[in-house]
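Now for the letters of each chain:
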There are 2 protein chains.
Amino acid sequence: MQGNFTYHNPTRLHFGEEAMRHLADELKNFGSVVMLSYGGGSIKRNGIYDAVVDALRSAGKTVVDDAGVMPNPTYGKVLEGCARVRDNHVDLILAVGGGSTIDYAKAVSASAWCDGDPWQKYWVAQQSPSCPTVPVGAVLTMVGTGSEMNGGSVITNRQVTEREGGERIVTGLKRGKVFGPELYPKFTILNPRFTMTVPQYQMVAGFFDIMSHLMEQYFAGSADCTTDYLIEGLMRSLVHSSRIAARNPQDYEARANIMWTATWALNTLLKMGKGGDWEVHQIGHAIGLVTDATHGMTLASVSLPYYRHVMHDGLHQFARFARNVWDVRPDGKTDVQVAEEGLACLEAWMNELGLVMHSRELGVNEANLQQVADAVLILPVGYRTLTRDEVVQILRESL
Amino acid sequence: MQGNFTYHNPTRLHFGEEAMRHLADELKNFGSVVMLSYGGGSIKRNGIYDAVVDALRSAGKTVVDDAGVMPNPTYGKVLEGCARVRDNHVDLILAVGGGSTIDYAKAVSASAWCDGDPWQKYWVAQQSPSCPTVPVGAVLTMVGTGSEMNGGSVITNRQVTEREGGERIVTGLKRGKVFGPELYPKFTILNPRFTMTVPQYQMVAGFFDIMSHLMEQYFAGSADCTTDYLIEGLMRSLVHSSRIAARNPQDYEARANIMWTATWALNTLLKMGKGGDWEVHQIGHAIGLVTDATHGMTLASVSLPYYRHVMHDGLHQFARFARNVWDVRPDGKTDVQVAEEGLACLEAWMNELGLVMHSRELGVNEANLQQVADAVLILPVGYRTLTRDEVVQILRESL
């Protein structure tokens, strides 16, 4: 554990098949006006919406409906939500959905009463809120982002222009802001059964998002650090359970383990005492900005080209990854061979899950590849700081 | 992850060589009267006492001195502390020391304004506080118990009677109470350098206390559970770093990793979604009651006899322990052989640290063995519920 840091995570998690029973008690801690934020109609079809509304009505709350949060929530939608919060003097934003919905709820929380321009203040200048914020609670229905127990809020601010001849140019930013504990959900309901109605494509994309969070925190630094041992444990659990869940999405034990792993993969514990990389997320965000593809799949499509590109810069850690996560036996092999074998194991697991292994399938092509590259934020951390040329090279290899 | 549970851990941890700089900010959150609870003179010799008192004075606090917390804090000392809290209307109890001191501070916090008999209410009937409690903060100087980020409070209530002929009979109870998040330290200062002045004997005893917390949560249940993978990671980190620290206690990296591991080994994360065992701690508490021996050494002296006794009841997990923590290769071996090899690795590591491997060295003998056995609380959890005869057998094997 290196450097100096403060760990504080006050989110209260209610986990299990009966977790919703705690919602009534949680609601007692907040005022009477609750904005219910959610995405499309899926929670209406699977009964979760009705269960939540029943709990809100029983608690005597006034419900402000806030539907239509999209998978990559836009800044325009955030501003709509802010107006709704102000107009109704909302006391609690209850996000029901996946990470996108909770990311959105935090964005609205910090922006509704913001004294400046929220986009500039938070997602560009990365400042902290200096205004009152609105408490956020969550009912999680899809795993992956970890938003249920952290301050992360990824928002898309996109401009699309059509040139003569119909060419579509996407510019703008898809950017993350990490708020402090005051913006973490006050509580989150984690019922693994709620995640079982997510379609297979979104489910496995979420699994890879978790793996990417783990890898992006693992592949940085050279010091011996307890965090790396924790990450290896979470990776092993994820690999084991995801194989079961990909074959049988109704396996409660596997889905429960994955839900718990997802939360701890990105609730700030693993960033304590060591650096991170996060370049794969930056490339993934750029692909998402241009194509609106599912987040986890954007990460899957570029991870192998990226890690093979930086492997030699962090060889010790890649060899350790192979040994401790994939049980690669090092006997008589060079570190390079061991590390390559580890990445081959990762690739085999990704294929087994049915992940998107080529960004072309998500809509990246030679025509828009430079637009994607332009949108990539290059971070000076991890084992290697990429040049723009290297970003292009990795994107091209990902096609 | 099995069953339904709530995870909530609001303690704010400040970690690193500069962690004390946060004390001034933390003190702003509390009233003006601070009771400073600590043990003997060691914190006066190593400068920690002066640093804390300086911070308190700079913050304008009135300091109530509360020295003399013993390694196994007694209920009598708790009652003294309660009177001091009431007499001075204390606003914050600042515990500076190891787990014993923090355990004591929580006991005083819950008992000072208690409307009933605290011993009966908390340590016997295991009830929750129904009275106002006093906030607790901590500066940790010795690792092991995890008390810095949980609600645990182990207190000794001992009666010693001398029979004719000088025979000394120790009866009474050494019992743990686990309070809820309202009794967790509000903040803890974790500076690994503060742990470096602890004598080698206490240092390695603390290391084994950590290992015992990990094992007692690991050796229970048969379901696949993410928690077990986390525990394996923490065990691997502990084994690695403790070997370095035992040879060179001044190795900051090792001591820092161990400090972090200790906190996460017993801050409630690892008990989520699975059962535990805790019989080794019960036997250790009984030895401590009768002999006043160092807690971690009481655990060390009985662990191997205990685990060898219950190994066949949880064979799958013991074989997994061997493979995943000690890298025992299972090829061509039976599960029993693999499991036994794992426990042999544990034994070798314990010898390497210089732990007390025989309870006789702590003062247990044939004369007081029945007194110890009488004081053991037998828990109906873990892989096997012991009979009293089995407790005696294990104690005898531990001699």
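Conventions we followed
- Residues numbered from 1 in each chain as written.
- Chains lettered and ligands numbered in written order.
- Predicted model: local features only at pLDDT ≥ 70, side-chain atom pairs only at ≥ 80, totals over all residues.
- Least-squares fit on C-alpha atoms with pLDDT ≥ 70 in both.
- Contact = placed C-beta atoms within 7 Å.
- Pairing = 2+ DSSP bridges.
- Helix = DSSP H or I, 4+ residues; strand = E, 2+ residues; numbered from the N terminus.
- Axes fitted to C-alpha atoms, helices over the stretch in contact; angles between N-to-C directions.
- Expected span 1.5 Å × (residues − 1).
- Bend = angle between axes of the 7 residues up to and from the residue.
- Buried ≥ 20, exposed ≤ 12 C-beta atoms within 10 Å, placed from the backbone.
- Domains from an automatic or database assignment.

Undergrad: How should the relation of the copies chain B and chain A be read in this particular structure?
TA: Relating one copy of the chain to the other requires a rotation about an axis plus a shift along that axis. You can overlay chain B on chain A at an RMSD of 0.0 Å; the transform is a turn of 180° with a shift of 0.0 Å along its axis. In symmetry terms, the pair is related by a two-fold rotation axis. By C-alpha distance to the rotation axis, the residue of chain B lying nearest is B:P10, at 2.3 Å. Comparing interface residues between copies, 100% of those in chain B also sit at the interface in chain A, which points to an isologous, same-surface contact.

Undergrad: Mind showing me how you'd approach the sheet that holds strand β2 (residues 33-38) of chain A here?
TA: Each strand in a sheet pairs with its neighbour through backbone hydrogen bonds, running either in the same direction (parallel) or in the opposite one (antiparallel). Spatially, β3(A)-β2(A)-β4(A)-β5(A)-β8(A)-β1(A)-β1(B)-β8(B)-β5(B)-β4(B)-β2(B)-β3(B) is the arrangement adopted by the 12 strands of the open sheet, whose pairing is mixed. Every interior strand has two partners, whereas the edge strands, β3 (62-66) of chain A together with β3 (62-66) of chain B, have only one. The sheet shows a mean angle of 25° between the axes of neighbouring strands, taken without regard to direction. Strands in contact with helix α4 (residues 75-88) of chain A are β2 and β3 of chain A; relative to β2(A), the strand with the most contacts, it is inclined by about 165°.

Undergrad: Help me understand helix α11 (residues 295-310) of chain A, please; the structure alone is not making it clear to me.
TA: Since there are 3.6 residues in each turn of an α-helix, residues three or four apart along the chain are aligned in direction. All names here are of chain A. Taking 1.5 Å of rise per residue, 16 residues should cover 22 Å, and α11 covers 22 Å from first to last C-alpha, within 8% of that figure. Where α11 bends most, at S303, the angle is about 40°, and the proline P305 comes one to four residues later. Here α11 lies mainly inside the structure; 12 of its 16 residues are buried. Within α11 the residues assigned to the buried category are H295, G296, M297, T298, L299, A300, S301, V302, S303, Y306, Y307 and V310. Looking at the buried residues of α11, the elements they touch are α7 (200-218), α10 (279-291), α13 (335-353) and α15 (388-398).

Undergrad: Mind showing me how you'd approach the domain arrangement of chain A here?
TA: By a widely used convention, the size of an interface equals the accessible area lost when the partners come together. All names here are of chain A. Parsing chain A into structural domains produces domain 1 (12-194) and domain 2 (200-398). For domain 1 versus domain 2, the separation of C-alpha centres amounts to 26 Å. Each partner contributes to the interface: domain 1 provides 20 residues, whereas domain 2 provides 25 residues. Only β6 (152-162) and β7 (168-178) provide two or more residues apiece to the side of domain 1 that touches domain 2. A total of 5 residues in the side of domain 1 that touches domain 2 trace back to one element, the largest contributor, which is β7.

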